[in-house]
Structure formats: C-alpha cells, structure tokens
Amino acid sequence: MLSGIALLLLLPTVSAFAAELAWDRFRGPNGVGVSTQPGIPDEFGPETNVVWRTPLPDGLSSPVFGTDSIFLTGFQGDRLITFSLDRDSGRIQWRREIVRERAGSLRSPNNPASPSVATDGRNVFAFFQDFGLVAYGPDGNELWRLPLGPFNNPMGMGASPVYANGKVIQVCDSETDSFMLAVDAETGEVAWRNERPYSLRGFSTPVLHQARDGGMQVLVAGSYELSAYDVESGERVWWVQGLTWQMKPTPVLDGKGNAYVLGWAGNADLGQQEEVAPFAEALGELDADGDGRLSAQEVSGLFGRRVRNGLDSYDLDNSGFMEERDWEHHRRKRLAVNAVRKIRLGGKGDMTEGAVQWLYYKSLPNVPSPLLYDGVVYLTKDGGVMTALSAEDGSVLKQGRLRDAMGRYFSSPVAADGKVFAADETGQVSVIRPGADWSVIRTIAMGEAVLATPAVMDGRLFIRTEKALYCFAR
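Peer 1: I tried to follow the overall build of the chain on my own but got confused; where do I start?
Peer 2: Check the secondary structure of the chain and you find 5 helices and 34 strands. Here the C-alpha atoms of the chain give a radius of gyration of 22 Å, agreeing with the 23 Å that 2.2 N^0.38 yields for 474 residues. Among the 474 residues that make up the chain, the fraction classed as buried is 59%. About 19000 Å² of surface is accessible on the chain, with carbon and sulfur atoms providing 48% of the total. Charge separation in the chain, taken as the distance between the mean sites of 47 positive and 59 negative side-chain charges, equals 5 Å.

Rendered as structure tokens:
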C-alpha cells in the first residue's frame, strides 16, 4: 500500500486543474452539473479510492469551490454554520456560526441548511431561511449580513444564491410576499429588489444568460413562467408563460440560446387541468354574506372535505378567507401543466408565443434538476426511473430503471469524464455510461443517506452524505 505522502504526490492538486470552469455555485458552472475534467473514478465508496473524509453536522447544501477552499453549510440546534475546507486535504480551515433566531416551516427532508452557497472565488455568500444572507471573507471574517424573512413557505426555502457581476442574487418565493433581490457583494447593500406577487413556493436556483446585446440576465423558473431580469438594473426583460405552479429543479442552458426547464407539482399532470371562473364570477355564486371574500363554509361545496376545517392551501396569507389573490392563484394552479420544456431564450416582453420548442410530460422528477450531456437530457425520478430524451426534439431515447437505486431522489445528477453520477436518498450511487442507450456501470453503496448534489473538481469526485463530505480519486 502506498504511504500517505506518496499517495498525495500522485493525486491531482488544485493547480493542475486551474483552467476548469469554477464549481462556484449550486451544481457547478451556471448550474449545468457537468465537468470536462478527466480521470474521475467510477469505482469508489466508503473504503475505496477515498482521498479524505471530513465529518460534518446536519445540512443538505452541496459543495461549492473557491480558489483554494470548499464551502458548505450545516446546523446544530440554533446555530447556522458556514464551513471552509481545504481543497486538497479536507481539513476545516474555519467555521463560522450565526444564531438561528426563528424556526420557519420545513417539510422533511428539507432542513435549515438546504441552500448551497455562492462564491466569487475568495468570499462566500450563504442564505439561511431562518436568518437571511451572510457573507464571509477568505479568513472567515464576516463581511456583512442581511436579515430576511420570515418566509411563508410551508415546505421551507430551497433556492441557493448566485454571484453575478459583483452582485449576490437571491430568490425568495413563498406563499406571500415573494421577491428577489440583488445585493452588492462587497457592502451587503441592496442594489435592487423586485416583488413577485404571483410566484409561490419557489425552490429553483437561478441561472445566468448572456443576452445578445451584451447584458447579463438572470433567469428565474418560478410559478407559471420563466422570467429574465437584467442583472444590473433588476428590470424584468422578457418571460415565457406556461410553467407549473411549484418549481424545484434548476433550468439548464445548452449554450445555443435554449433552456431546458423541468417542473412537477401536485395535481398538475397533463389531463388534470380545469377552467376556474374569475373571482368576480365566483363571488356572485358563492359569497353568501356579500363581504367580498369567501369563507371555508362558502366554498365547502366546491372543494369538499379539503376545507372542512379551514381553507388549507387555498388561503395563502392565512387570513381565514379566500380573497382575490388566493382565488387567482387557484385559477392559475388548475391550468398549470407539469412538463419538461425546451425554451428559446431572449426577446422583450411576453415571448410565450413560439418560444417553446418541445414538451415532454411523462415520468417527471419532483426535485432533481435535468442533466444535459452530449445532446441528451437525463431525468432521474423517484423509484430509480431514468429517462433519456433527445435534446433536439424531446423524443424518448431510452427509459429504464436503476434497479439497485430505487429510492427517492433529491440529489441532482452530474456528469464528467464520460460518466453520469446519480444518487438516491438511501445513498445508492449509480455510475452510468451515458448515451441514447445508457447503461449502469455499477452501483455503489455509500452506507449513509445522500441528498446533496455531488461535485466534480480538481480531478476528484465529491459526495456529501448525511454525516460527512467524501473526496474520491483514482
């Protein structure tokens, strides 16, 4: 067996891969989940090809890479923690904590440290639903903090921040008071803020798009539409309608002016849609006491048992009544359609007409983002169902089951070195030979739950389990 020193001398170092695009946000370069680095192992595990293993507290954030650091978050009790690890050794360089002063709603397995951080290479920017934004410098020195919330999201928050042109951009979509903002990365001052009144339960992390006029745009997949905002001004430039009402996956861009946008939400599969009357018409039929709003009793016949003891998810602001905004969301929800959409990017204003190039409606994942790799779009659905679609026309190339990894999927697939890596909740990691006739090379049992998305940097594969961050190399 090689000695520890000899092994380190043979392993790739940070400088050896300096030309690689930075894995500087959730799911790597602009969220695509693809690395061009060679030599990534297809054999690994708790006792195989382990360079190092660093124990971590609870947290679901995925590893993000600075110039010489790996950044992650976690929590312990009322402490919200940001970590910096050395890229070569996994040693914790610094650990900083802020106090969790409130406990917002969370639906398992979401937890207080779900969003991944963003970095400009040296500084790190973290978002916690129970605090807001906080920034740390290279030595862990706090640069600024910006309290945000509380948020009215019954699932908890999930969107990660992104860094663009000296700004930190954060989407905060929830049942009420949804907004997105851009913060000066140096000072923490708010550069702009946009209200998003018809967005709710948003978990999708934005991506960036270089417009034809040279301006940088941030693309947000939210309730009912994909929207593009100018990074400098915050102006909403263009949008495409038709998305489902609860967006979780992050869009993927192909570098050719197209986005692949996946969205699945309950009661919105193709064929479940229905026309709902406008609010004014509903009031005329249901508002028995004439107060301009609808109580649970007044709509009980319409919604049945679901509102026997309250309005449940129909009353977004928890006022005890359905008002016009609540009703309008109900109308839009009932028309929303789950699908993967290939959308042509760009334009001004409403670009819905003609922007959608194809749709695929079946076997849709709930949480994992799609993976675009060598002209194929991969979807990983609960139960281990993997679907490969042609990026060109959306046709099904192959659908099959990852038979040794049939759990739920929260981690998004990533690709590197001619391999796709997909992890289910139980910690079964499928190593897949990609292509129109994809096949499983092997399935690796990590022995611990995996919900974070893997990362590929420095010629190594990084996987966060429920207990630790692993670094693997040949």
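Let us keep going from here.
Peer 1: Looking at this structure, how should I read the sheet that holds strand β20 (residues 258–263)?
Peer 2: The strands making up a sheet associate through hydrogen bonds between their backbones, and the pairing can be parallel or antiparallel. Across the sheet, 4 strands lie side by side as β19-β20-β21-β23; this open sheet has antiparallel pairing. In the strand order of this sheet, the two ends are held by β19 (252–253) and β23 (356–360), each with one partner. Summarising the sheet, β20 and strand β21 (residues 339–344) pair through 6 bridges and their orientation is antiparallel. Each bridged residue has a counterpart across the sheet, and for Leu 262 the counterpart in β21 is Val 340.

Peer 1: Would you take a moment to explain the sheet that holds strand β11 (residues 162–164) for this structure?
Peer 2: Spatial strand order, β11-β12-β13-β14: 4 strands in an open sheet with antiparallel pairing. The sheet is open, and its two edges are formed by β11 and β14 (190–195), each paired on a single side. Across the sheet, the axes of successive neighbouring strands diverge by a mean angle of 20 degrees, strand direction being ignored. Bridge count for strand β13 (residues 179–184) against β14 is 5 bridges, and the pairing is antiparallel. In the strand pairing of β14, Phe 179 is matched with Glu 195.

Peer 1: What should I look at first to understand the pattern of salt bridges in this one?
Peer 2: It is possible for side chains bearing opposite charge to pair when their charged atoms get close. Enumeration according to the criterion identifies 21 salt bridges in this entry. Arg 196 is the salt-bridge partner of Asp 173, the closest N and O atoms lying 3.0 Å from each other. Of this pair, Asp 173 sits in the loop between β12 (167–172) and β13 while Arg 196 sits in the loop between β14 and β15 (207–210), and the two are 23 residues apart along the sequence. Each member of the pair, Asp 173 as well as Arg 196, carries the same accessibility label: buried. Each of the salt bridges in this network shares a partner with another, and the network as a whole consists of Arg 79, Arg 95 and Glu 97.

Peer 1: Would you mind showing me how to read the environment of Gly 74 here?
Peer 2: Relative to the helices and strands, Gly 74 resides in strand β4 (residues 69–76). Contact partners of Gly 74, with chain neighbours within four places excluded, come to Pro 57, Asp 58, Gly 59, Arg 79, Leu 80, Ile 81, Phe 83, Ala 113, Phe 128 and Arg 464.

Peer 1: Got a minute to help me understand helix α3 (residues 296–303) in this structure?
Peer 2: Every α-helix carries 3.6 residues per turn, so stepping three or four residues along brings you back to the same face. Regarding α3, the residues found buried are Ala 296, Glu 298, Val 299 and Phe 303. What you see down the axis of α3 is that its buried residues fit within an arc of 145 degrees, all on one side. For α3, the exposed residues lying more than 90 degrees away from the buried face are Gln 297 and Gly 301. Where α3 is buried, its residues touch α2 (279–286) and α4 (324–335). Looking one or two residues beyond α3, the residue adopting positive phi is Gly 304, at roughly 70 degrees.

Calculation criteria
The residue numbers shown here count from 1 along each chain, following its written sequence. Local features in a predicted model are, by the rule used here, given only for residues with pLDDT of at least 70; side-chain atom pairs are given and counted only at 80 or more, and totals for whole chains, interfaces and linings are based on all residues. Only hydrogens and water are removed before side-chain values are computed, so all heavy atoms of the structure are retained for them. Labels follow the DSSP assignment, with helices taken as runs of H or I lasting at least four residues and strands as runs of E lasting at least two, numbered in each case from the N terminus. Every radius of gyration here is taken over C-alpha atoms, with the globule rule written as 2.2 Å times N^0.38, N being the number of residues. Partly exposed describes any residue whose relative accessible area lies between the buried limit of under 20% and the exposed limit of over 50%, with all areas from a 1.4 Å probe on protein chains only and scaled to the type maximum. Computed with the Shrake-Rupley method and a 1.4 Å probe, the accessible areas treat only the protein chains shown as cover for residues. Counting rule for charge: Lys and Arg are taken as positive, Asp and Glu as negative, and neither His nor the chain ends is counted. The atoms used to mark charge sites are NZ of Lys, CZ of Arg, CG of Asp and CD of Glu. Pairing between two strands is assigned when DSSP locates at least 2 bridges connecting them. Interaxial angle, 0 to 180 degrees, is taken between N-to-C directions of lines fitted to C-alpha atoms, where a helix line uses only the stretch in contact. Definition used for salt bridges: Asp or Glu carboxyl oxygen within 4 Å of a side-chain nitrogen of Lys or Arg. Contacts are assigned to residue pairs with any non-hydrogen atoms lying within 4.5 Å of each other. The arc refers to the directions leading from the helix axis to the C-beta atoms.

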